[in-house]
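# Architecture at a glance
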Amino acid sequence: MLVLAVLFAVLGAASNAAGTAFQRKAASSVSSGGGWRLLRELARKPAWLLGIAGVTGAALFQALALANGPLALVQPVFVLELPFALLIGAPLLHRRLPREGWWAVAAVVVGLVAVLGAAAPSGARTDASMARWIPVLAGCLGAMALAVVASRASRSRLVRATALGGAAAVGNALTAALLKSATGTLADEGLTAFLTTWQTYGFALTGIAAVLLLENALQAGPLAASQPALTIGDASVSLLLGVVVYGESVRGGWWVVPELVGVALIAWGVRELTRAVPHLRDLTG
């Protein structure tokens, strides 16, 4: 089951990265327009349709991953989305990753293996009582609101992008936690129960909020500020929610040392990858 969870999570990260890359390729070929006009133009392009298929597939893979493994295991795997996005997107846009970018990809992968291997997340629950959900919802939604307020109160583009990226991270983690509960209900009780449980509508709303926060984070400041906050924040909050909501367990003691080393490698790799984006080289050059 855990092997399936990791496999589906990796496929989800790759599928979402591919979907994003194809959507950007399609958008880059549209010279002007916005709103419905832009959507009509994009809908005629095979690359955009492939992008939509990729994003849809990512959601399905994520649901399958969460149905087969603990939240604390599945969500951290999605840090691979950024390396996948660059590895898939660069050739599509006729660019190549510089040498430093390849080292950063390796750091993210090695760091992720170190974190998950040392932490060894475990747990098989897919339901939780409202006594667990209420403080989690209050804490997550409150943290998201505070981050938005902080972003509006600051004149620094770096602070705004970091705050909004962090808010999007919390939103993504909460969405995954709610999705895990909803898919568990679907598997155990069927479609009718899935459509009547509050978690189904909860993950839809928090998912939309997370997407909007991410879009604002990308507009507010540099990618080097928002992406690390998003990537590290999503994995960290998801691990915490897995423990608090579903009673999942991770190893402590001396295992914390390799876990922290892994986190440091991931953080360094993500930072370097975001810095590599402006330096992607033309394949024809």
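Anything mentioned here points back to the structure above.
Computed from a prediction, not measured in an experiment: that's the story for all the values here. (Residues numbered from 1 in each chain as written. Predicted model: local features only at pLDDT ≥ 70, side-chain atom pairs only at ≥ 80, totals over all residues. Heavy atoms only, no water.)

## Some remarks on the overall build of the chain
Summing up its helical and strand segments, the chain has 12 helices and two strands in all. In sequence order, the secondary structure elements of the chain are arranged as α-α-α-α-α-β-α-α-α-α-α-α-α-β. Sequence-distant contacts, at least 24 apart, represent 84% of the contacts inside the chain between residues at least 6 apart. Carbon and sulfur atoms form 69% of the exposed surface of the chain, whose accessible area is close to 14,100 Å². (Helix = DSSP H or I, 4+ residues; strand = E, 2+ residues; numbered from the N terminus. Contact = heavy atoms within 4.5 Å. Areas by Shrake-Rupley, 256 points an atom, 1.4 Å probe, with all protein chains shown as cover.)

## Some remarks on the side chain of Glu-272
Locating Glu-272 in the fold gives a position in helix H12 (residues 256–276). Here Arg-271 takes part through its side chain, which lies 3.2 Å from a polar atom of the side chain of Glu-272. (Polar contact = N/O pair within 3.5 Å; in protein donor to acceptor, adjacent residues only side chain to side chain.)

## Notes on the layout of surface pockets
What the second largest pocket holds in volume is close to 240 Å³. Lining of the second largest pocket is provided by 13 residues; of these, Val-115, Ala-235, Ser-236, Leu-239 and Val-263 occupy positions nearest its centre. For the lining of the second largest pocket, the secondary structure elements donating two or more residues are helix H6 (99–119), helix H11 (223–246) and H12. Sort the elements by how many residues they give to the lining of the second largest pocket and H11 lands first, with four residues. (1 Å grid on protein atoms, 1.4 Å probe; cavity = no way out; pocket = protein on both sides within 12 Å on 5 of 7 lines; lining within 4 Å. Points joined across faces, edges and corners; volume = space filled by probe spheres on them.)

## What to know about the packing of helix H3 (residues 46–68) against helix H8 (residues 157–189)
Relative to each other, H3 and H8 sit at 70 degrees, their axes nearing to 9 Å. When the interaxial angle is binned, H3 and H8 end up roughly perpendicular. Seen from H3, the contacting residues are Gln-62, Ala-63 and Leu-66; seen from H8, they are Ala-176, Leu-179, Lys-180 and Thr-183. Looking at side-chain class alone, the contact of H3 with H8 contains four nonpolar, two polar and one charged residues. (Axes fitted to C-alpha atoms, helices over the stretch in contact; angles between N-to-C directions. Parallel < 35°, antiparallel > 145°, perpendicular 65-115°, else oblique. Nonpolar A, V, L, I, M, F, W, Y, C, P; charged D, E, K, R; others polar.)

## A short note on the packing of aromatic side chains
In total, this model carries four aromatic pairs according to the counting rule given. Judged by centre distance (4.3 Å) and plane angle (25 degrees), the rings of Trp-254 and Trp-255 are stacked. Relative accessible area serves as the criterion here: at 25%, Trp-255 is assigned to the partly exposed category. Aromatic ring contacts, followed pair by pair, group Trp-133, Trp-198 and Tyr-246 into a single cluster. When the ring centre of Tyr-246 is taken as origin, the NZ or CZ atom of Lys-180, which lies over that ring, is 5.9 Å away. When the ring centre of Trp-255 is taken as origin, the NZ or CZ atom of Arg-251, which lies over that ring, is 3.6 Å away. (Phe/Tyr/Trp six-rings, centres within 6.5 Å; stacked < 30°, edge-to-face > 60°. Buried < 20%, exposed > 50% of the residue type's maximum accessible area, 1.4 Å probe, protein only. Lys NZ or Arg CZ within 6 Å of the ring centre and 35° of its normal.)

## Concerning the nonpolar core
The biggest cluster of nonpolar side chains holds 56 residues, and the ones touching the most others in it are Trp-133 and Leu-241. The leading source of residues in this core is H8, at 12 residues. Excluding residues that lie within four positions of it along the chain, Trp-133 makes contacts with Ala-128, Leu-174, Ala-177, Leu-178, Ser-181, Trp-198, Gln-199, Val-245 and Tyr-246. (Core = buried A, V, L, I, M, F, W, Y, C linked by side-chain atoms within 4.5 Å.)

## Brief notes about the pattern of salt bridges
This structure, assessed with the given rule, holds one salt bridge. In this structure, the salt-bridge partner of Arg-271 is Glu-272, at a minimum N-O distance of 3.2 Å. A residue is classified by how much of its surface remains accessible, and Glu-272, at 17% relative accessible area, is buried. (Salt bridge = Lys/Arg side-chain N within 4 Å of Asp/Glu carboxyl O.)

## A word on H3
Spanning 23 residues, H3 covers 33 Å between terminal C-alpha atoms, matching the ideal 33 Å at 1.5 Å per step. Among all positions in H3, only Ala-47, Trp-48, Gly-51, Gly-54, Gly-57, Ala-58, Gln-62, Ala-63, Ala-65, Leu-66 and Asn-68 are buried. (Expected span 1.5 Å × (residues − 1).)

Just distances and angles here, no functional claims.
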